[in-house]
Every structure is written in structure tokens, then in C-alpha cells.
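Observations on chain architecture
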Amino acid sequence: MNNRVRLLDCTLRDGGYINEWNFGREAIGRILFGLSKSNLDIIECGFLMNRPYNPDFSLFHGVEDVYTVLPEKPKGQMVVAMIAIGEKEIDPALLSDADKGPVDGIRLTFHQHEIEKALQYGKVIMEKGYKLFMQPVGMTGYPDGDMIDLIGKINELNPYAFYIVDTLGVMYKKDLIRRVFLVDNNLKKGICMGFHSHNNLQMSFANSQALIDMDMDRDIIIDCSANGMGRGAGNLCSELLMDYINKNMEKRYDVLPVLEIIDEYLMAIYMSVPWGYSAAYFLAAINDCHPNYASF
């Protein structure tokens, strides 16, 4: 197994679609502390948005706001935040330099018609000293030629990571392997490959294992969230993949703090606004529809 695998927990960001990111200031701080204690490699603290900052929400107007809930940067772990083009995103030009705050990296999501804007944003983010994660929304809808064109532009930008994003949760193992092969053989060496999945077909965990087992000379980042918290059918469960890596690769993670986060903070949200597999989200996936249609 040549590839080095790291886990990125996105509970406070992607999970926030469930409760409109209103976790509460104390809960946000405790969740970040628990994720740090669990030794997860990369911790996503929330969105960077052009809106007034409220410490009860995992939505930040600037990287300095993260200090409110994360007064000390975890040692040996990376802290990231996301800018989503089209979702009241903050202009990266307004961000402080990376050495002014606790955030190490910026994840940038964009649709196919926003590629040029994303490349411009990405250049600014890198110039400010952040590790840049480029994440095309709905990658499964890209024809091969369009994907190779995009990867060529990504290679020129040379970000920290480029993601395979299964926005609609439609990938089976063969679909993932084919897409990984295409990306790995065209993406510049040294750029990490990320994988962000949704669980409409109950494939997130199995697909992640398949990715880990592939023989690649490239670092891999796999997104997950505590209890799979996320919009619609939810995400890959952090605790499942942590335990899998502990038992099948090497013991790296402490699963207990994540289970405590689930018990103390997330189950109450789940009882009110549940997420996870359902027949409706299955139907959305096999018809290439966004899970919001099923929710509606």
C-alpha cells in the first residue's frame, strides 16, 4: 500500500446543512476539541461566508473568527475552512494571510460554469499562504474530455489537493475506480487526491475502502463526518473509517472522542432532523437528482 491516507472530518461544515450550522458556541468548541483529541488528520471548522459572524454558528466571516472557538491550533493536525462559490462566499482577497489565523487550508467548491472564477480565487488563496483544496461539484456529470481539460488547468494552478466529489451519491465501486484512474493518470504528481462521497446508495464506506486499497503513488484525503452527519443520505461515518484504518492499516485514531461527540451533541439533532439512507434518497441517486429534490 504505497498511498498515504488521511481523514478529513467535515461534521461542522457539511453536517451543518442539517441544523443550518447552529450548533451553539460551546458545542462547536467541544466538537473541535473532540476531533482534535481523536487525532483526525484534518479538521474542517465550517464555511467562510460573507455574512456577520455569530459564534453560535459554524459560519465564519474571516479566519480570525475561528479563534473564537479554536483558541489553540491542534498540534500535528491541519485546520481548514470552505469557500463555496455561489453560497454567499467571501471574496478570498478579503482574507488575512494564512500566518494571521488558525486556518491552514481553504477548500474551494465550484460548479462547472464557475471554473474560471474558481481558478482566479484559487490563485489568490495560494498567494495568501493557504493550502488550496480544489473541489468540483458534481464531478460525475463531467464528460471525460471536460474532466481532462479541468485537470490540465488544475495542474497549472498546482494546488495542495484536487477532489473527486460524488455530490449526488451515485458511484458504485467500478465508477469510482474508473474516475480515480482518470484523475491519477492526468493529475500532476505531488497533488493530493481527495474523495468526498454521499451515502445515497450505502456505498460511501465500501468505496472508501476500495480507494484505500488502490496502488497509487499519491497522498489520499478522504472526507467523513461524525455519525455521517450531512444533508440527505449523509456522508461517510468518521468512526467507521477510523476503526477500519486502526484495524487494517495501523492504529492511528482514538474513536472514543468521536463517539462522545455523537452522544453529547449530534443525537439530539438527529432525533429532530434525521439524516441517512432512505428510499427517497436512493431514488434521487439513481435518477441523477440532487437530494434536495427528495427532501422536498
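To start, this report covers the structure provided alongside it. Computed from a predicted structure; not experimentally measured.

It is worth spelling out the packing of helix α5 (residues 173–184) against helix α6 (residues 204–213) at this point. Remark: α5 packs on α6, axes separated minimally by 10 Å, with the N-to-C direction vectors making an angle of 40°. The pairing of α5 with α6 is recorded here as oblique in orientation. The two elements α5 and α6 meet at a crossing, and its hand is right-handed. Of the residues in α6, those touching α5 at Lys173, Leu176 and Val180 are Asn207, Ala210 and Leu211. Partitioned by chemical class, the residues of the contact of α5 with α6 number 4 nonpolar, 1 polar and 1 charged.

All right, on to the layout of surface pockets then. Roughly 330 Å³ of volume is contained in the largest pocket. Along its surface, the largest pocket is lined by 18 residues, and Tyr17, Glu87, Val137, Thr167 and Arg231 are the ones closest to its centre. Classifying every residue of the lining of the largest pocket by side-chain character gives 7 nonpolar, 7 polar and 4 charged.

Turning next to the environment of Trp21. Within the fold, Trp21 resides in the loop between α1 (16–19) and α2 (25–37). Judged by its relative accessible area of 11%, Trp21 is buried. Apart from the residues lying within four places of it in its own chain, the contact partners of Trp21 are Leu12, Arg13, Gly16, Phe47, Asp56, Phe57, Ser58 and Leu59. A distance of 2.8 Å separates a polar atom in the side chain of Trp21 from the backbone oxygen of Arg13.

Parameters at a glance
Residues numbered from 1 in each chain as written. Predicted model: local features only at pLDDT ≥ 70, side-chain atom pairs only at ≥ 80, totals over all residues. Heavy atoms only, no water. Axes fitted to C-alpha atoms, helices over the stretch in contact; angles between N-to-C directions. Helix = DSSP H or I, 4+ residues; strand = E, 2+ residues; numbered from the N terminus. Parallel < 35°, antiparallel > 145°, perpendicular 65-115°, else oblique. Left-handed = near helix turned anticlockwise from the far one by under 90°. Contact = heavy atoms within 4.5 Å. Nonpolar A, V, L, I, M, F, W, Y, C, P; charged D, E, K, R; others polar. 1 Å grid on protein atoms, 1.4 Å probe; cavity = no way out; pocket = protein on both sides within 12 Å on 5 of 7 lines; lining within 4 Å. Points joined across faces, edges and corners; volume = space filled by probe spheres on them. Buried < 20%, exposed > 50% of the residue type's maximum accessible area, 1.4 Å probe, protein only. Polar contact = N/O pair within 3.5 Å; in protein donor to acceptor, adjacent residues only side chain to side chain.

This is a description of form; function is not addressed.
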